[in-house]
Amino acid sequence: MKNNLPHPTKKQVIFTLTGLLVIAGLGYGTTFAYTTYKKLTATEQELQITTQTSKEAIAVLQEDIAKLTQENESITSLLTEQQKNNLALEKEKRKNTKTIDKLEKLTTIDPELLKKYSKVFFLSENYNPPKLEDIDARFKIITDKDLQILEQVAPFLQNMLEAAEADGVNLRVISSFRSFETQMKLKSNYTTTYGSGANAFSADQGYSEHQLGTTLDFGTPEVPGAYMSFESTSAFAWLKEHAHKYGFILSYPKGNSYYQYEPWHWRFVGEDLADDLHDDGKSFYELDQREIDKYLIKIFD
């Protein structure tokens, strides 16, 4: 039996195939779109979860940072307070050290060194400086004469004599430390020669600055004794200008009420007091003893 159905044309076949392809493509596109949508939805949910987790982590970190900052501020505050305490302790330590040093100085420095002798304070026959040092022979009027000075004063004297020498000044020592007995014999000789007039220029034993071991009589090769002519020498002019720098002062200047003017007689009182006396134009015996005593602790500084 013959099949009488008509054969599809070429166009029909192409149309049919195209339709099938379109349907297949739509199906694939729909499936792809759906799959992509699901993936995007899942990714978005993951992002939301991650974002929330990140926010929570950030919040925890911020809280930790706030705690650490507060702890750091507390530690800084404690350190600052400790530093203040340490500084206060260091300051107190320095203060105590200075106090100890001051007490040590006061116990080792002879309190007699700045007393106003010469008719005011008295040194007994038992008083002698703790330690004396020989004066360099090249600075003595009589080179083989035994002349000594208090050990602590020796370097000040040596520096002054060397400075004078460097300036071309022939400053020489006539007399230095004299014991109670030596002063007694000297005063006796002066009294025999000058009678009561000796009291104007010579101290009784126990009242002489020379017994302290801090006092000297100066001269020059041209003026080799305690003479008034020493006043007109370049050595005296040099002493007036420079002696205070080395701690020495003129004990009995013109117009003093103790002894006649003695340009040759110089006493060590320490650089601080000597400088102040020089700058203020005052003499040692003008000051109140309580004012003088304040300089004792610095006498050898």
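Novice: How do you make sense of the overall build of the chain when you look at a structure like this?
Specialist: Tallying secondary structure elements over the chain gives 6 helices and 6 strands in all. Counting helices and strands in the order they occur from the N terminus, the chain gives α-β-β-α-β-α-β-α-β-β-α-α. Burial statistics for the chain: of 301 residues in total, 33% are counted as buried. Taking contacts inside the chain between residues at least 6 apart in sequence as the whole, the part at least 24 apart equals 69%.

Novice: Explanation requested: the environment of E125 in the structure shown.
Specialist: Along the chain, E125 falls in the loop between α1 (10-108) and β1 (132-134). Given the relative accessible area of 48%, E125 is considered partly exposed. Expressed as a C-alpha distance, the spacing of E125 and G206, which sit 81 residues apart in the sequence, is 6.8 Å.

Novice: Which parts of the structure should I look at to understand helix α5 (residues 271-280)?
Specialist: Within an α-helix, residues lying three or four positions from one another point in the same direction, as the helix has 3.6 residues per turn. The set of residues buried in α5 consists of L273, A274 and L277. Down the axis of α5, the sector holding all buried residues measures 100°, keeping them to one side. Buried residues belonging to α5 abut β5 (248-250) and α6 (289-293). Trailing α5 by a residue or two, G281 shows a phi angle of about 65°, which is positive.

Novice: Is there a simple way to think about the pairing of strand β4 (residues 215-219) in this case?
Specialist: The side chains of a regular strand alternate, first on one face of the sheet and then on the other. Most of β4 sits out of view: 5 of its 5 residues are buried. Alternating positions in β4 separate into two faces, T215, D217 and G219 on one and L216 and F218 on the other, with burial throughout. As paired strands, strand β3 (residues 172-175) and β4 are joined by 3 bridges and run antiparallel to one another. Its bridge partner being in β4, R172 is matched across the sheet by G219. Here β4 runs beside strand β6 (residues 265-268); their pairing, made up of 3 bridges, is antiparallel. Its bridge partner being in β6, T215 is matched across the sheet by R267.

Novice: Before we go on, may I ask you to explain helix α2 (residues 154-166) in this structure?
Specialist: Taking 1.5 Å of rise per residue, 13 residues should cover 18 Å, and α2 covers 18 Å from first to last C-alpha, within 8% of that figure. Of all the positions in α2, only A154, F156, L157, M160, L161, A163 and A164 are classed as buried. A positive phi of about 80° marks G168, the residue just after α2.

Novice: Got a minute to help me understand the pattern of salt bridges in this structure?
Specialist: If charged atoms from side chains of opposite charge come close, those side chains can pair. This model, assessed by the stated rule, comprises 13 salt bridges. As a salt-bridge pair, R178 and D217 come within 3.8 Å of each other at their nearest N and O atoms. Residue R178 is located in the loop between β3 and α3 (180-194), and its partner D217 is located in strand β4; the two are separated by 39 residues in the primary sequence. Exposure remark for R178: the relative accessible area of 15% places this residue in the buried category. Connected via shared salt-bridge partners are D136, R138, E162 and E165.

Novice: How should I be thinking about the nonpolar core in this particular structure?
Specialist: Proteins that are soluble and globular tend to have nonpolar side chains buried together. Among the nonpolar cores identified, the biggest contains 54 residues, and F218 and F248 are the most heavily contacted of them. If you list the elements that add at least two residues to this core, you get β2 (148-150), α2, β4, α4 (234-242), β5, β6 and α5. No other element matches the 7 residues that α2 contributes to this core. Setting aside anything within four residues of it in sequence, one finds F248 in contact with V153, F156, L157, M160, T214, L216, A243, W266, R267, F268 and A274.

Calculation criteria
- Residues numbered from 1 in each chain as written.
- Predicted model: local features only at pLDDT ≥ 70, side-chain atom pairs only at ≥ 80, totals over all residues.
- Heavy atoms only, no water.
- Helix = DSSP H or I, 4+ residues; strand = E, 2+ residues; numbered from the N terminus.
- Buried < 20%, exposed > 50% of the residue type's maximum accessible area, 1.4 Å probe, protein only.
- Contact = heavy atoms within 4.5 Å.
- Arc of directions from axis to C-beta.
- Pairing = 2+ DSSP bridges.
- Expected span 1.5 Å × (residues − 1).
- Salt bridge = Lys/Arg side-chain N within 4 Å of Asp/Glu carboxyl O.
- Core = buried A, V, L, I, M, F, W, Y, C linked by side-chain atoms within 4.5 Å.

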